[in-house]
Amino acid sequence: MNDVWFRPLVWMDYRLAVLFTVLIPLVLLIWAFVEKAEAMQRLLTIYWRVSSLLAITVYLMIGGFGVSFLSSLMARILIPLALWFWIDLNDEIQYGSEGALKFVFTSWRWATSIYCILGALATIPFLGCAFSETVLQSSYCKVWLEAPLLFKEYFHPNTNTGLLGFLGIIGLVFYVLCLIYFVAVKLGKQGRSAAPQ
């Protein structure tokens, strides 16, 4: 597996994912609660629900499931949508109070959206890993599993990879059911408003 020329890019992608999709939004959520910025709190809560698909993807990759490549692409598409979809929250944030929080939050939204769009484009050539067990076993695909397996070593050292992969499958099924419910039921009632009607 040492012949994979793009390994450093894959590891850079995982590092950027931790920065843009975990650390910064966690700091922003705490900051928004301290500042009582309700629109940002609501948007970040929605963001965490949507971005949970990235965590599910990590567990699917630990289990060695090819569907993880599809869930990775789906997460990178859904995150920018979740960050910009809500008209009422966008208006509240845009016309709300000025300050450092608004600047950092808006900068993070743009940076994360750009990161996810570029990541989605970069993921497309690897979709073959999702549909063929032979391709999935190649170094071309397995390089993407290295970081999740390292995560397992740090956080689940004594847990079977099959069990963690199974938890990923359960999480994916639950996520897809919630997404279907949102699209089929809630979206029709609420439209592009984050406030329940």
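Our subject is the structure that appears above.
Rules and cut-offs
- Residues numbered from 1 in each chain as written.
- Predicted model: local features only at pLDDT ≥ 70, side-chain atom pairs only at ≥ 80, totals over all residues.
- Heavy atoms only, no water.
- Phe/Tyr/Trp six-rings, centres within 6.5 Å; stacked < 30°, edge-to-face > 60°.
- Helix = DSSP H or I, 4+ residues; strand = E, 2+ residues; numbered from the N terminus.
- Patch = residues over 30% accessible without salt bridge, like charges linked within 9 Å, V, L, I, M, F, W, Y side chains within 5 Å.
- Areas by Shrake-Rupley, 256 points an atom, 1.4 Å probe, with all protein chains shown as cover.
- Salt bridge = Lys/Arg side-chain N within 4 Å of Asp/Glu carboxyl O.
- Disulfide = S-S within 2.5 Å.
- Buried < 20%, exposed > 50% of the residue type's maximum accessible area, 1.4 Å probe, protein only.
- Axes fitted to C-alpha atoms, helices over the stretch in contact; angles between N-to-C directions.
- Parallel < 35°, antiparallel > 145°, perpendicular 65-115°, else oblique.
- Contact = heavy atoms within 4.5 Å.
- Nonpolar A, V, L, I, M, F, W, Y, C, P; charged D, E, K, R; others polar.
- Expected span 1.5 Å × (residues − 1).
- Core = buried A, V, L, I, M, F, W, Y, C linked by side-chain atoms within 4.5 Å.

## Remarks on the packing of aromatic side chains
Argument step 1. In this structure the tally under the stated criterion is 15 aromatic pairs.
Argument step 2. An angle of 40° between the planes, with centres 4.8 Å apart, marks the rings of Phe151 and Phe155 as tilted. Here Phe151 and its partner Phe155 are both found in helix H8 (residues 146-155), four residues apart, which amounts to about one turn of the helix.
Argument step 3. Taken together through their ring pairs, the aromatic side chains of Trp5, Phe6, Tyr14, Phe126, Tyr140 and Trp144 make up a single cluster.

## Thoughts on a nonpolar patch on the surface
Argument step 1. Taken together, the side chains of Trp110, Ile114, Ile117, Leu118, Leu121 and Ile124 present a nonpolar region at the surface, about 630 Å² in accessible area.
Argument step 2. As for its placement among the helices and strands, Leu118 is situated in helix H5 (residues 100-123).

## Quick look at the state of the cysteines
Argument step 1. The tally for this structure, following the rule as stated, stands at one disulfide.
Argument step 2. Two residues share a disulfide in this structure: Cys129 and Cys141, whose sulfurs sit 1.8 Å from each other. Across the S-S bond of Cys129 and Cys141 the torsion is about -85°, and the bridge reads as left-handed. With a gap of twelve residues between them, Cys129 in the loop between H5 and helix H6 (133-136) and Cys141 in helix H7 (residues 139-142) connect regions that are remote in the sequence.
Argument step 3. Looking at Cys116, it has no disulfide partner, and the nearest cysteine sulfur is the one in Cys129, 20 Å off.

## Some remarks on the pattern of salt bridges
Pairing is possible between side chains of opposite charge, provided their charged atoms come close.
Argument step 1. Considering all chains together, one arrives at five salt bridges under this definition.
Argument step 2. The partner of Lys102 in a salt bridge is Glu98, and the shortest N-O contact between them spans 3.1 Å.
Argument step 3. For Lys102, a relative accessible area of 14% translates into the label buried.
Argument step 4. Looking at Glu98, the relative accessible area reads 65%, which means it is exposed.

## As for the packing of helix H4 (residues 87-95) against H5
Argument step 1. Close contact between H4 and H5 brings their axes to 10 Å; oriented N to C, the two are set at 135°. One element, H4, and the other, H5, form an angle in the oblique class. Contact residues: Asn90, Ile93 and Gln94 in H4; Lys102, Phe105 and Arg109 in H5.
Argument step 2. Of the residues in the contact of H4 with H5, the class split is two nonpolar, two polar and two charged.

## Details of helix H2 (residues 38-62)
Argument step 1. When the terminal C-alpha atoms of H2 are compared, their 36 Å separation across 25 residues agrees well with the 36 Å that a helix rising 1.5 Å per residue should span.
Argument step 2. Two residues or fewer after H2 comes Gly64, characterised by a positive phi angle close to 75°.

## Some remarks on H4
Argument step 1. Of the positions making up H4, those classed as buried are Asp88, Leu89, Asn90 and Ile93.
Argument step 2. Of the surrounding secondary structure, the elements contacted by the buried residues of H4 are H2, helix H3 (67-84) and H5.

## A few points about the nonpolar core
Argument step 1. With 32 residues, the main nonpolar core has Phe105 and Trp108 as its most contacted residues.
Argument step 2. Mapped onto this core, the elements with two or more residues apiece are helix H1 (7-35), H2, H3, H4, H5 and helix H9 (161-190).
Argument step 3. A total of ten residues in this core trace back to one element, the largest contributor, which is H2.
Argument step 4. Excluding anything up to four places from it in sequence, Phe105 contacts Leu28, Met40, Leu43, Leu44 and Ile93.
Argument step 5. Judged by nonpolar contacts, the second largest core, of 15 residues, contains Phe6, Tyr14, Cys129 and Ala147.

## Describing the side chain of Ser193
Argument step 1. Here Ser193 lies in the segment after H9.
Argument step 2. With relative accessibility at 14%, the residue Ser193 sits in the buried group.
Argument step 3. Contact partners of Ser193, with chain neighbours within four places excluded, come to Trp86 and Asp88.

## A closer look at the environment of Ser139
Argument step 1. Among the secondary structure elements, Ser139 is positioned in helix H7.
Argument step 2. Residue Ser139 is classed as partly exposed on the basis of its relative accessible area, which comes to 22%.
Argument step 3. Taking the C-alpha atoms as reference, Ser139 lies 18 Å from Val58; in sequence the two are 81 residues apart.

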